[in-house]
Every structure is written in C-alpha cells, then in structure tokens.
Amino acid sequence: APSFAWLVLFRCFVGFGLGGVPVAFTLFLEFVPSANRGKWLVTMESFWTVGSFFESALAWALLPTHGWRWLLAFSTLPLFMLLVCFPWLPESPHYLAANGRIEEAQALLFKVAAANRKPLPPGRLVANAVKAGIADDDKTGEDSVSLSCCPPGLRVTLAGLCYLFFANAFTYYGLVLLTTELHAATVGCDAETRSPLLSNSDYGSILATSLAEAPGLVAAALLIDSLGRRGSLAAGLAFASAFVFPLMFLAKGSTGAATTSILFGARCSIMCSFTVMVIYAPEVLPTSIRSTGLGLSNAVARLGGILAPFISVSLVEAGYEKTAELLYFVVPASGVALLMAVLKKETKGTDLGNVSTELELAEFS
C-alpha cells in the first residue's frame, strides 16, 4: 500500500472476504450431530487461537527488523492454502435440497455416511416447503423468510444476538489492542519500519496474553455442555468484566505482572464467551434465516471491531486510559444483563431442525 488511503481500500476487500467466515460455521453445523455439536464447534474455533498465537510470534520475529509490510505478507500465506483446499469442501445438503437438487443432496449424504461407516435411514430424501420457516411457537403463516417478515419474538432474539456479538467483538478486539497499546504508549516508533520500539519483555507479555485464549477455549469446551450455552456465555462475559474492573485502579501506564495477569484473565474469559456466542447464535436461529441472521450479527460485530481501535488506541494516547478500561468493564456486563432478560432459549442438545425447507427421510411406500 503506497498510502494510508490504499491501505484502507485493500482492508475493505479483506473485510468482504472475512464476511464469509459465518458461512463456514453454518455449513459445519449441518454435518455435526447435536449430541456433541458444542465440543466440535469449540474445536473448530480453537484454530482461531492457534492463528492468534502464531501471529503474535510472527510479529515478534518480523516487526522489529522488517516492519509491518513483511508481517502482513507472511500473514496471508495461510489464505493461499485455503484456496487450494476449496475443491474438497462439500456443499450444504440443505442448500441443495432447498433448491430442488435432491439427487445431489442424496448423493452427498450417502458419501458422508460412507465416510463415517454408518448407514443412512431407509427412505428417500424429499423437500417439503413449510409456512414461514419459523419454529412452531413463532409461525406467522407467511411464506416469506426474509428478516423483515420475522415475527416480533424472533426480531427481539436477533436484536439481542446482534448486541451480544457487538459486545464480544468490542471487548475482544479492544483487549487485544489494549494489551499492545499499554506497552507501546511508553515507547516511540522506529523511524524506518514505523513499528513500536517494544522490548523483548514487551513482546513476551503480549505473547503471554495471547496464550490466554487457549484456557478460554478449554473453559468453553468444559462448560458449554454442562452449564449450557446461556450459562457459559453469561459466565464468560461476567468474568471478562470482573477481570477488567481492577485494571481501572492500577496506575496509568502500568505494564507489570499485575496488568499482564489481569489482561490474561480478561482475554481468557472473553475468548470463552466469544466461542460460545459463535456456537449459540446459529443454534438459536431458524434454518431459513440462519446464514442471513448470523451474517447480520457478524456485521454488527465488525462495528465493535471498528470502534475498538478508537477506544484502545486513540483514548489511551490522549490520556484517557481509565475511560477505555471503564468501557471494557461496562459493555460485557451489559451483555450479561441483556442475555438474562432477552435470550431465554437454551439450545444445548437440541436438534437444529429445518424450518424453511424441511428435510426429512420419507419412508418408501
């Protein structure tokens, strides 16, 4: 990027690409049994943490000597591996059946059954259109399944999910940036690479807080099928808020062991919450609007990601470090209150079902 404007433009293109991430989760959901769906989705989410750890290590290795451009170039290498793997990615059976491609859906299910060495139930796959595509208690009798035609109850659910995605993204990315900014605020930048002049100790602290995501994932895996989705999500947000609270009473510019420990606990908690959130959202939405609703929620989450740099970087550099920390205490705490008041449906162990184009195995007559 020859200028900041070009960097912003190319970053927008990256954003369009990242918009496809929610589709990966909805697709994966169709191939996972409900009994252990939570653990498999946590396993999938764990690769985000692996990427965060390697990115921190890569920054430590490249930023001090080569600058951010080389870091960015090396960070794109996994994307090329992803493109190579795309031909082996199966299509959604629901999508195929909903579009009348029954034979293709049936062939795909036979292929999945063969890979798992399990027989399919006897019968043939059919697609039965049902009214509204909403769960039984939310049916309106309308044929449209667009978000604008959702019943009020489902709109409230979707609005609640949007705010929770915002709260998780705002807190997660804010803490990630705050970890770096608290260290960078006390040093200058290299004139040639324009990278912060962080010491090995600074990079070590940043890497240590990145490792906090691993126990966060373990906590999500252990809690999601015991406390349930709502309980695990509430616990993650509450603990994230609780860890940030003492940070407000430390001296400005503090980067010692206490700050590192607090940020470690906060990142661990918000990672647990974010992981459960990504699993809970597609489960609580009906199939007919699952991808659209999850996409909308992730779009709102991007707003949280956009605001986070202004809070963690701009406010801290302007001397309002404690204001930033206060926001990272209030936002997740408000998420807990909203979750308890609005999203009362627990999805642990429930079948996702198909609520817009119902897939069923009809017995041969």
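Below: a short report on this structure. All values derive from a computational prediction rather than experimental measurement.

### A word on a nonpolar patch on the surface
On the surface, a cluster of nonpolar side chains totalling about 960 Å² of accessible area is made up of Trp70, Phe74, Leu77, Leu79, Phe80, Leu82, Leu83, Phe86 and Leu89. Secondary-structure elements contributing two or more residues to the nonpolar patch are α4 (68-75) and α5 (77-85). By residue number, the principal contributor to the nonpolar patch is α5, which donates 5 residues. Among the secondary structure elements, Leu79 is positioned in helix α5. Overall, the relative accessible area of 52% leaves Leu79 in the exposed class.

### Observations concerning helix α3 (residues 37-66)
Between its first and last C-alpha atoms α3 spans 43 Å; for 30 residues at 1.5 Å apiece the expected length is 44 Å, and the two agree. Listing the buried residues of α3 in full gives Arg37, Gly38, Leu41, Val42, Glu45, Thr49, Ser52, Ser56, Ala59, Leu62 and Leu63. The first or second residue beyond α3 is Gly67, which carries a positive phi of 85°.

### As for the packing of helix α11 (residues 228-244) against helix α12 (residues 257-284)
The geometry of a pair of packed helices is captured by two quantities: the angle between their axes and the separation between those axes. With their axes 8 Å apart at the nearest point, α11 and α12 run at an angle of 155° to one another. When the axis of α11 is compared with that of α12, the two are roughly antiparallel. The element α11 and its partner α12 pack so that their crossing is left-handed. Listed contacts from α12 to Arg229, Arg230, Ser232, Leu233, Gly236, Leu237, Phe239, Ala240, Phe243 and Val244 of α11 are Ile262, Gly265, Ala266, Ser269, Ile270, Cys272, Ser273, Val276, Met277, Ile279, Tyr280 and Glu283. Across the contact of α11 with α12, the residue classes break down as 14 nonpolar, 5 polar and 3 charged.

### As for the environment of Pro78
Within the secondary structure layout, Pro78 lies in helix α5. Considered as a pair, Pro78 and Gly51 are 27 residues apart in the sequence and their alpha carbons are 9.6 Å apart.

### Comments concerning the pattern of salt bridges
Enumeration according to the criterion identifies 5 salt bridges in this entry. The partner of Glu321 in a salt bridge is Lys322, with the nearest N and O atoms 3.8 Å apart. Assessed through its relative accessible area of 7%, Glu321 is described here as buried. The network of salt bridges with shared partners includes Asp225, Arg229 and Glu283.

### Details of the packing of aromatic side chains
We describe a pair of aromatic rings using the distance from one ring centre to the other and the angle between the two ring planes. For the structure on display, the rule yields 10 aromatic pairs. For the pair Trp70 and Phe74, a centre-to-centre distance of 6.1 Å together with 40° between the ring planes defines the contact as tilted. Of this pair, Trp70 and Phe74 both sit in helix α4, 4 residues apart, which is roughly one turn of the helix. Note on Phe74: relative accessible area 38%, which makes it partly exposed. An aromatic cluster is defined as three or more aromatic residues linked by ring pairs; in this entry it consists of Tyr163, Phe166, Phe170 and Tyr328.

### Focus: the packing of helix α10 (residues 213-223) against α12
Running from amino to carboxyl end, α10 crosses α12 at an angle of 45°, the nearest separation of the two axes being 7 Å. As judged from the angle between their axes, α10 and α12 are oblique. Viewed along their axes, α10 and α12 form a crossing whose handedness is right-handed. Judged by residue contacts, Glu213, Pro215, Gly216, Leu217, Ala219 and Ala220 of α10 engage Phe264, Arg267, Cys268, Met271, Cys272, Thr275 and Val276 from α12.

### Points about the nonpolar core
Counting 53 residues, the largest nonpolar core has Leu161, Leu233, Met277 and Tyr328 as its most contacted members. With 14 residues, the top contributor of residues to this core is α12. The residues touching Met277, leaving out its near neighbours within four places in the chain, are Leu161, Leu164, Phe165, Asn168, Leu233 and Pro282.

### A closer look at the environment of Gly38
For Gly38, the position within the fold is in helix α3. Taking the C-alpha atoms as reference points, Gly38 and Gly228, 190 residues apart in sequence, are found 9.4 Å from one another. Filtering out sequence-adjacent residues up to four positions away, Gly38 remains in contact with Ile224, Asp225, Arg229 and Ile279.

### Description of the state of the cysteines
Enumeration over the complete set of coordinates arrives at 0 disulfides. Unpaired in terms of disulfides, Cys268 finds its nearest cysteine sulfur in Cys272, a separation of 7.1 Å.

### Concerning the environment of Ala220
Mapped onto the secondary structure, Ala220 falls in helix α10. For the pair Ala220 and Phe274, spaced 54 residues apart in the sequence, the C-alpha separation amounts to 9.2 Å. Here Ala220 is in contact with Val42, Cys272, Thr275 and Val276, once residues within four sequence places are set aside.

Reading the values: the criteria
Residues numbered from 1 in each chain as written. Predicted model: local features only at pLDDT ≥ 70, side-chain atom pairs only at ≥ 80, totals over all residues. Heavy atoms only, no water. Patch = residues over 30% accessible without salt bridge, like charges linked within 9 Å, V, L, I, M, F, W, Y side chains within 5 Å. Areas by Shrake-Rupley, 256 points an atom, 1.4 Å probe, with all protein chains shown as cover. Salt bridge = Lys/Arg side-chain N within 4 Å of Asp/Glu carboxyl O. Helix = DSSP H or I, 4+ residues; strand = E, 2+ residues; numbered from the N terminus. Buried < 20%, exposed > 50% of the residue type's maximum accessible area, 1.4 Å probe, protein only. Expected span 1.5 Å × (residues − 1). Axes fitted to C-alpha atoms, helices over the stretch in contact; angles between N-to-C directions. Parallel < 35°, antiparallel > 145°, perpendicular 65-115°, else oblique. Left-handed = near helix turned anticlockwise from the far one by under 90°. Contact = heavy atoms within 4.5 Å. Nonpolar A, V, L, I, M, F, W, Y, C, P; charged D, E, K, R; others polar. Phe/Tyr/Trp six-rings, centres within 6.5 Å; stacked < 30°, edge-to-face > 60°. Core = buried A, V, L, I, M, F, W, Y, C linked by side-chain atoms within 4.5 Å. Disulfide = S-S within 2.5 Å.

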